[in-house]
Amino acid sequence: MTLIIIGAILIFLVSVIWMWHNLGNIEKPRKVAFIIIGLFIMYIFTMILYHFSSPNSTYPNEEMQKTVSNTLILVFTGLNALIFLPYIANLFDKIVEEEIEKTQAQRKLIILLIIFVICIVVEKGYIQSTQEGIINIYNEVQNAEK
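Described in the following lines is the structure provided in the data block. (Residues numbered from 1 in each chain as written. Predicted model: local features only at pLDDT ≥ 70, side-chain atom pairs only at ≥ 80, totals over all residues. Heavy atoms only, no water.)

**Quick look at helix α2 (residues 28-53)**
The condition that has to hold: Only DSSP runs of H or I covering at least 4 residues are called helices, and only runs of E covering at least 2 are called strands; the numbering of each starts at the N terminus. Given the number of residues in a helix, its expected span is that number minus one, multiplied by 1.5 Å. With a 1.4 Å probe rolled over the protein chains alone, any residue whose accessible area is under 20% of its type maximum counts as buried; one over 50% counts as exposed, and the rest are partly exposed.
Its 26 residues place the ends of α2 37 Å apart at the C-alpha level, agreeing with the 38 Å of an ideal helix rising 1.5 Å per residue. All of the buried residues in α2 are K31, F34, I35, G38, L39, M42, T46, L49, Y50 and S53.

Given below as structure tokens:
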């Protein structure tokens, strides 16, 4: 479990550093606001995705459900942030610096949205199968102890 948390922290650090770099010459307070808001949005999105992925999962106890929930949400929030936020930060910087036309920005956002939808489908299945796998392993361990 500690290894997973350390991995998640590293993913968040890489994501934040990459976003900071991609925000270019934007003022520091705006960079900080972008990063905080972006991470918050990714957290909310991942939490919603997790809850849509787990209606069929029946955990043996509430403590296990909370642990699995918190761990998966933490890891996938970091992964979602790492996959999408640096690119959005770069696009935001180009818009602020007026280096890109509105139509180009819209096209790039549409492409990111399409990739995001594909990732949602893959992630939902992965989160669901991960939960089922954890429950199966727990049940096997419980049955072996009997």
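**Things to note about the layout of surface pockets**
For clarity, the cut-off: Residues are called lining when one of their atoms sits within 4 Å of a cavity or pocket point, these points coming from a 1 Å grid over the protein atoms alone, where a cavity is a set in which a 1.4 Å probe fits but cannot get out and a pocket is an open set with protein on both sides within 12 Å along at least five of seven lines. Grid points are joined across faces, edges and corners, and a volume is the space filled by probe spheres set on the points. Amino acids are sorted into nonpolar (Ala, Val, Leu, Ile, Met, Phe, Trp, Tyr, Cys and Pro), charged (Asp, Glu, Lys and Arg) and polar (every other residue, Gly among them).
What the largest pocket holds in volume is close to 210 Å³. M1, I4, M64, T67, V68, T71, L72, V75, F76, Y126, T130 and I134 are the residues that line the largest pocket. Looking at the lining of the largest pocket, the elements that each hand over two or more residues are α3 (62-96) and α4 (102-145). At 7 residues, the largest contribution of residues to the lining of the largest pocket is made by α3. In the lining of the largest pocket, the residues fall into 9 nonpolar, 3 polar and no charged.

**Structural notes on the environment of Q131**
On the secondary structure map, Q131 appears in helix α4. Separated by 30 residues in the primary sequence, Q131 and E101 place their C-alpha atoms 44 Å from one another.

**Digging into the nonpolar core**
Quick reminder of the rule: Within this scheme, the nonpolar core is defined by two criteria: the residues are buried Ala, Val, Leu, Ile, Met, Phe, Trp, Tyr or Cys, and they are joined through side-chain atoms within 4.5 Å. Every residue pair with non-hydrogen atoms within 4.5 Å of one another is taken to be in contact.
Ranked by size, the top nonpolar core spans 14 residues in total, and within it M19, L23, L39, M42 and L85 carry the most contacts. With near-sequence residues (within four places) excluded, M19 lies in contact with F34, I35, L39, L85, P86 and A89. Grouped together as the second largest cluster of nonpolar side chains are 10 residues, L49, Y59, L72 and I135 included.

**A few points about the pattern of salt bridges**
In plain terms, the rule: Salt bridge, as used here: a side-chain nitrogen of Lys or Arg that lies within 4 Å of a carboxyl oxygen of Asp or Glu.
A full pass over the atoms with the stated rule returns 2 salt bridges. With its nearest N and O atoms 3.8 Å apart, the salt bridge here joins E27 to R30. The closest approach of N and O atoms between E62 and K66, which form a salt bridge, is 3.4 Å. Remark: K66 and E62 occur in helix α3; sequence separation between them is 4 residues, near one turn of the helix. Using a relative accessible area of 53% as the deciding quantity, one classes E62 as exposed.

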